[in-house]
Amino acid sequence: VRRLEQNFGRSFLVLLVSAYMGVKGALYYVVVLSQLPFYREMGVGAAQYQIYGSIANTPWAMKGLIGGVSDALPLCGYHKRGYIGGACVVGVVSFALLAAVSFGPDDAKVCAALFFLATAELAVVDLLCEGKYAEMMVKHPETGADLVTWVWLSYHVGTLIGSALTGPMADYVSPRAIFWVALPLAAQILVPTLSGALQGTSSA
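Quick look at the structure, then.

What counts, and at which threshold
Residues numbered from 1 in each chain as written. Predicted model: local features only at pLDDT ≥ 70, side-chain atom pairs only at ≥ 80, totals over all residues. Heavy atoms only, no water. Salt bridge = Lys/Arg side-chain N within 4 Å of Asp/Glu carboxyl O. Helix = DSSP H or I, 4+ residues; strand = E, 2+ residues; numbered from the N terminus. Buried < 20%, exposed > 50% of the residue type's maximum accessible area, 1.4 Å probe, protein only. Axes fitted to C-alpha atoms, helices over the stretch in contact; angles between N-to-C directions. Parallel < 35°, antiparallel > 145°, perpendicular 65-115°, else oblique. Left-handed = near helix turned anticlockwise from the far one by under 90°. Contact = heavy atoms within 4.5 Å. Nonpolar A, V, L, I, M, F, W, Y, C, P; charged D, E, K, R; others polar. Core = buried A, V, L, I, M, F, W, Y, C linked by side-chain atoms within 4.5 Å. Expected span 1.5 Å × (residues − 1). Phe/Tyr/Trp six-rings, centres within 6.5 Å; stacked < 30°, edge-to-face > 60°. Patch = residues over 30% accessible without salt bridge, like charges linked within 9 Å, V, L, I, M, F, W, Y side chains within 5 Å. Areas by Shrake-Rupley, 256 points an atom, 1.4 Å probe, with all protein chains shown as cover.

## Digging into the pattern of salt bridges
Phase 1 of the analysis: Summed over all chains, the structure comprises six salt bridges.
Phase 2 of the analysis: Between Asp126 and Lys24 there is a salt bridge; the shortest N-O distance is 3.4 Å. Of this pair, Asp126 sits in helix α6 (residues 108-139) while Lys24 sits in helix α2 (residues 10-42), and the two are 102 residues apart along the sequence.
Phase 3 of the analysis: On the basis of relative accessibility, which here comes to 3%, the residue Asp126 falls in the buried class.

Written out as structure tokens, the structure is:
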């Protein structure tokens, strides 16, 4: 940790924890594990659930497109920070609607679109933070392996948190209640991002 802090800065390490423990770890598992009980409570059949689940996962297949757009078209003057902030807002709105609105079986397509937008936040944050820490590893190859370890440690702790939250809440509270928990997880990435934790923010 001392080596990482010396080479990459504490704020950048905090950003990686936010991205990989909070978003790609915990929030990803909330999205994945909540869909089945959520659609089941709505009365959606298994065949439809499979289709809607595939729609929700589509942003992961679009990472190449996302990367190309972010490189070619800076948002608010930034190649990464603007897109992470925008994706965060989209994700927060999607989770808020999933939590607050009582959907029925006829609204399943709307829910699939909301899950798609929520997953888009995960894909954007993962891709752009990955690009940034890969860039930092090139600058400090002597501690690059430490940085990868930090990212994967954060991710696995996050997946444990997400799994531990989602199952009991779906069983004993309500599938919709899970999305109230997802809201702060989706929003917290804004804090390190907008505070300039992406090192070299003038080009981020």
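## Describing the packing of helix α3 (residues 46-61) against α6
Phase 1 of the analysis: Between α3 and α6, the shortest axis-to-axis distance is 7 Å and the interhelical angle comes to 25 degrees. Regarding the angle of α3 to α6, the classification is roughly parallel. Between α3 and α6 lies a crossing whose hand is right-handed. For the pair α3 and α6, the contacting residues are Tyr52, Ile55, Ala56, Thr58, Pro59 and Trp60 in the first and Ala108, Lys109, Ala112, Phe115, Phe116, Thr119, Ala120, Leu122, Ala123 and Asp126 in the second.
Phase 2 of the analysis: By residue class, the composition of the contact of α3 with α6 is 12 nonpolar, two polar and two charged.

## Digging into the nonpolar core
Taken as a class, soluble globular proteins show a tendency for nonpolar side chains to be buried jointly.
Phase 1 of the analysis: Phe38, Tyr39, Phe95, Leu98 and Leu147 are the most contacted members of the largest nonpolar core, which totals 60 residues.
Phase 2 of the analysis: With 15 residues, α6 is the single largest residue contributor to this core.

## Regarding the environment of Ile161
Phase 1 of the analysis: Assignment of secondary structure puts Ile161 in helix α7 (residues 144-172).
Phase 2 of the analysis: Assessed through its relative accessible area of 36%, Ile161 is described here as partly exposed.
Phase 3 of the analysis: For the pair formed by Ile161 and Ala123, sequence separation is 38 residues and the distance between their alpha carbons is 19 Å.
Phase 4 of the analysis: If we skip the residues at most four places from it in the chain, Ile161 touches Met21 and Ala26.

## Overview of the packing of helix α5 (residues 81-100) against helix α8 (residues 177-187)
Phase 1 of the analysis: Packing of α5 against α8 brings their axes to within 8 Å, and their N-to-C directions diverge by 170 degrees. Viewed along their axes, α5 and α8 adopt a mutual orientation that is roughly antiparallel. Listed contacts from α8 to Cys88, Val92, Phe95, Ala96, Leu98, Ala99 and Ala100 of α5 are Phe179, Trp180, Ala182, Leu183, Ala186 and Ala187.
Phase 2 of the analysis: For the contact of α5 with α8, the class distribution of residues is 13 nonpolar, no polar and no charged.

## A look at α5
Phase 1 of the analysis: Compared with the 28 Å implied by 1.5 Å per residue over 20 residues, the 28 Å span of α5 between its first and last C-alpha is a close match.
Phase 2 of the analysis: In this structure, the buried side of α5 is in contact with α2, α4 (63-72), α6, α8 and α9 (190-194).

## So, the side chain of Ser18
Phase 1 of the analysis: Residue position: Ser18 is located in helix α2.
Phase 2 of the analysis: With near-sequence residues (within four places) excluded, Ser18 lies in contact with Val23, Gln188, Ile189 and Pro192.

## Points about the packing of aromatic side chains
Phase 1 of the analysis: Under the defined criterion, the tally for this structure stands at 12 aromatic pairs.
Phase 2 of the analysis: When the ring of Phe115 is compared with that of Phe179, the centres are 5.7 Å apart and the planes differ by 65 degrees; the resulting orientation is edge-to-face. You can see Phe115 sitting in helix α6 and its partner Phe179 sitting in helix α8, a full 64 residues away along the chain.
Phase 3 of the analysis: With a relative accessible area of 0%, Phe115 lands in the buried category.
Phase 4 of the analysis: Look at Phe179 and you get buried, because its relative accessible area is 0%.

## Details of a nonpolar patch on the surface
Phase 1 of the analysis: Taken together, Val89, Val93, Leu97 and Val101 make up a surface patch of nonpolar side chains, about 290 Å² in accessible area.
Phase 2 of the analysis: Among the secondary structure elements, Val93 is positioned in helix α5.
Phase 3 of the analysis: Overall, Val93 belongs to the partly exposed group, its relative accessible area being 45%.

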